[in-house]
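Inside the fold
Residues per chain, in single letters:
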Amino acid sequence: MLDIKLIRDQPDAVATALADKGGAELIHEILARDAERRRLIKDAEDLKALRNRASEAIGQARRRGEDASAEQARMREVGDRIKALDAEVKTVDAAIEALLAQVPNVPHPSVPRGKSDADNVEVRRWGTPRDFAFAPRPHEEVGEALGLLDMDRAAKIARARFAVMWGALSRLERALGQFMLDLHTREHGYTEVWVPHLVSGETMLRTGQLPKFEEQLFKTVEADEGRTLYLIPTAEVSLSALHGGEVLAERTLPRRYTAFTPCYRREAGTYGKDMKGIFRNHQFDKVELVKLATPAQGYEELESMVREAETVLQRLELPYRVVERCAGDVGFSAAKGYDLEVWLPGQGKYREISSCSNYADFGGRRVDIRFKPEGGGKPDFCHTLNGSGLAVGRTVIAVLENYQNADGTVTIPPALRPYLPGLDRLTPRA
RNA sequence: GGAGGGGUGACCGAGCGGCCGAAGGUGCGGCACUGGAAAUGCCGUGCGCGGGGCGAACCCCUGUGCCGUGGGUUCAAAUCCCACCCCCUCCGCCA
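Heads up: these notes are all about the structure in this document. Starting from 1, residues in each chain are numbered consecutively following that chain's sequence as written. Labels follow written order: the first chain is A, the first ligand is 1, and so on. Totals for whole chains, interfaces and linings use every residue, but because this is a predicted model, local features are given only for residues with pLDDT of at least 70 and side-chain atom pairs only at 80 or more, for both listing and counting. As a convention, hydrogens and water are excluded, and side-chain values are obtained from all of the structure's heavy atoms.

As for the overall build of chain A
Put simply, the rule is: Labels follow the DSSP assignment, with helices taken as runs of H or I lasting at least four residues and strands as runs of E lasting at least two, numbered in each case from the N terminus. Between buried and exposed lies partly exposed: a residue is buried under 20% and exposed over 50% of the maximum accessible area for its type, with that area taken using a 1.4 Å probe on protein chains only. Here, two residues are considered to be in contact whenever any of their heavy atoms come within 4.5 Å of each other. Under the counting rule used here, the positive set is Lys and Arg, the negative set is Asp and Glu, and His together with the chain ends is not counted. The location of each charge is read from NZ of Lys, CZ of Arg, CG of Asp or CD of Glu.
A count of helical and extended segments in chain A gives 12 helices and 18 strands. When each of the 430 residues of chain A is scored for burial, the buried share is 48%. Considering only contacts within chain A whose residues lie at least 6 apart along the sequence, 73% involve residues at least 24 apart. Each charge class in chain A was averaged separately, 62 positive and 65 negative side chains, and the resulting centres sit 2 Å apart.

The structure is reproduced here in structure tokens:
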């Protein structure tokens, strides 16, 4: 969330910055509530000061053996008024927090203006889409023809938008995850972390998944306890919540964490969209990248994170482009972000395979991660960054489509061979 | 699942209902000592919120709150009561 002080001090600047993103209309109401809050706090604290002084005097009087019952009765009343004021403060606090939670992050000045993804800006391209001597097929056809991708049985045992991958394709999925983790931990300075896939509602709130995206989450209930846990829609949730409530030493920043986990998403409201194959499923694997950085490091770390994700595609020799998201498309929590879009010959389009964002202090404030400056001084909120490095399911798609052969087989990208000993092509399942 | 113990500042660890934001230690910062360092000595070292000092930053003053979380008792709660969360030990069960 935004710093209320920023809204207080520069309401017009904030409203202007949110022009493309929305939320500017909330500013006025927040200011009104904030003024009310401060008035109430002042009143309550004045009374508390009065009570503290009186209590002191009562204590002394009683130790002298004097009667202080009149003063005690007076303070009892003051106590009741304090209680009432505190309750009002609490109500207003909750209202402000609810309002503040609806205000999106202010885009970084460098972010291009625009309303939708149509206004996103292509930053660079890498690789040349291969020339096919035949009509390249979409991944679901390639996979199903080989008998390795099995959407029907997945639907049978679960429902639509789930997948079953047999044999070598399952191996490919696993190998890709392994390959990405090794790359990021060995070459990019990330620490591999194994995290819970089910987290509390509190964690979902602190990572901005709730309440806004509740309809996208799978929720579990322990039947006999009635307790709720949520399936993570991305490992970003678990990774970025790890240090919630902590104050980190500046010299330990930036911290770079990566995790390979399944991700669970309801995909509500996407009926009919990307229904074929595994492009948009309820369950998919992803290698997630999360960084905690100082404000001074934040944007530099965003650029390097994008390059780190790109490296995966380069090693796999998959053509892609980098797109910077415009102000209207950058995402609720993000101050700046890039998408990596991989070339899918079966679709004849570049499609998103990674999204890297800097949530800046907006994220750090919400999860409450701060750092203590090296030379002393007040703790300040960390920048939190996250990105996919990469979405494994979509990488499988990219491999199936870009490496497909005329005979229906699929060549294994050379960089992946060490992870798939004895396998250089996907062939029909026996 | 049964029985018991415990959650205090960056960390360890004291703490009679008022004089406790909290002893002591460690760590950290500064200074002294040193050719430089170690050791030693001295000093300093929490966070949030509100009000004010030039409505900026840094800083200062002042008030208030914070001893797992939330309630309660009381003129007054780290200290008493209740609920919840978490951790630990022993027994049972178990991948």
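Some details on the side chain of R161
As a reminder, the rule being used: Put simply, a salt bridge is a Lys or Arg side-chain nitrogen that is within 4 Å of an Asp or Glu carboxyl oxygen. Two N or O atoms count as a polar contact when they lie within 3.5 Å, although within protein this holds only if one can serve as hydrogen donor and the other as acceptor, and sequence-adjacent residues are included solely when both atoms are side-chain atoms.
Within the secondary structure, R161 sits in the loop between helix 6 (151-157) and strand 3 (164-165). Although R161 is buried, it makes no salt bridge; E267 carries the closest opposite charge, 6.0 Å away. Within the structure, R161 has its side chain in polar contact with the backbone oxygen of T270 (distance 2.7 Å).

Some words on the sheet that holds strand 6 (residues 219-221)
Cut-off, in case you're wondering: Following DSSP output, two strands are said to pair if at least two bridges run between them.
Reading across the sheet, the three strands line up as 5-7-6 and stay open at both edges, with antiparallel pairing between neighbours. The sheet is open, and its two edges are formed by strand 5 (198-199) and strand 6, each paired on a single side. Looking at chain direction, strand 6 and strand 7 (residues 228-231) are connected through three bridges and run antiparallel. If you follow T220 over to strand 7, its bridge partner there is L229.

Focus on the packing of helix 3 (residues 26-63) against helix 4 (residues 69-100)
How we decide: Axis definition: a line fitted to C-alpha atoms, limited for helices to the stretch in contact. Angles are taken between N-to-C directions and run from 0 to 180 degrees. Roughly parallel here means an angle under 35 degrees, roughly antiparallel means over 145, roughly perpendicular means 65 to 115, and every remaining angle is called oblique. In a left-handed crossing the near helix is turned counterclockwise from the far helix by less than a right angle, and in a right-handed crossing that turn is clockwise. Residue polarity follows a fixed list, in which Ala, Val, Leu, Ile, Met, Phe, Trp, Tyr, Cys and Pro are nonpolar, Asp, Glu, Lys and Arg are charged, and the others, Gly among them, are polar.
Remark: helix 3 packs on helix 4, axes separated minimally by 8 Å, with the N-to-C direction vectors making an angle of 155°. Taken as axis vectors, helix 3 and helix 4 run roughly antiparallel relative to one another. Considering the relative orientation of helix 3 and helix 4, their crossing is left-handed. Looking at the contact of helix 3 with helix 4 residue by residue, the classes come out as 19 nonpolar, two polar and 15 charged.

Structural notes on the nonpolar core
As a reminder of what qualifies: As used in this record, nonpolar core signifies buried Ala, Val, Leu, Ile, Met, Phe, Trp, Tyr and Cys residues forming a set joined through side-chain atoms within 4.5 Å.
One finds L172 and L426 to be the most contacted residues of the largest nonpolar core, which totals 51 residues. Of all the secondary structure elements, the ones that give two or more residues to this core are helix 7 (167-187), strand 10 (283-293), helix 10 (295-315), strand 11 (320-324), strand 12 (336-344), strand 13 (349-359), strand 16 (383-391) and helix 12 (392-402). Among residues more than four places away in sequence, those in contact with L426 are L146, L148, A168, L169, L172, L400, T409, V410 and I412. Membership of the second largest hydrophobic core comes to 27 residues, among which are I7, A54, I58 and L85.

A closer look at the packing of aromatic side chains
The cut-off we apply is this: A pair of aromatic rings is counted whenever rings of Phe, Tyr or Trp (Trp by its six-membered ring) have centres within 6.5 Å, and the orientation is called stacked for planes under 30 degrees apart, edge-to-face for over 60 and tilted otherwise.
Tallied over the entire structure, the rule returns five aromatic pairs. Arranged with centres 5.7 Å apart and planes meeting at 20°, the rings of W126 and Y320 form a pair that is stacked. A residue pair is termed long-range when its members are at least 10 positions apart, and W126 in strand 1 (residues 121-126) and Y320 in strand 11 qualify at 194 residues. Here F332 and F362 contribute two aromatic rings whose centre-to-centre distance is 6.0 Å and whose plane-to-plane angle is 75°, an arrangement assigned as edge-to-face. Placement of F332 in the loop between strand 11 and strand 12 and of F362 in helix 11 (residues 360-367) is noted, with a sequence separation of 30 residues between them. The residues F332 and F362 share a single accessibility class, namely buried.

Description of the sheet that holds strand 14 (residues 370-372)
Pairing is mixed in the open sheet, where three strands are placed in the order 8-14-15. This sheet does not close on itself; its edge strands, each paired only once, are strand 8 (247-249) and strand 15 (380-381). Two strands pair when backbone bridges link them, and strand 8 and strand 14 are joined in this way by three bridges, in the parallel orientation. Within strand 14, the position partnered with A249 by the bridge is K372.

Re the protein's contact with RNA strand B
The cut-off we apply is this: Summary of the distance rule: residues count as near a molecule or strand when at least one heavy atom falls within 4 Å of that molecule or strand.
With respect to spatial proximity, 24 residues lie near RNA strand B, and among them E45, N52, S55, R76 and K90 are the closest. Q72 places a polar main-chain atom, nitrogen or oxygen, 3.4 Å from a sugar or linking oxygen of RNA strand B. Those elements that provide at least two residues to the surface near RNA strand B are helix 1 (4-9), helix 3, helix 4 and strand 14.

Overview of unusual backbone geometry
Backbone phi values are negative for most residues with the exception of glycine, while trans is the configuration of most peptide bonds. Cis rather than trans, the peptide bond between L253 and P254 has omega equal to -5°. Along the chain, the position of P254 falls in the loop between strand 8 and strand 9 (255-264). Cis geometry is adopted by the peptide bond preceding L390, which originates at G389 and carries an omega value of 10°. Within the fold, L390 resides in strand 16. One non-glycine residue, D274, adopts positive backbone phi at about 50°. Note that D274 resides in the loop between strand 9 and strand 10.

Spatial relationships are all this shows, so hold off on functional conclusions.
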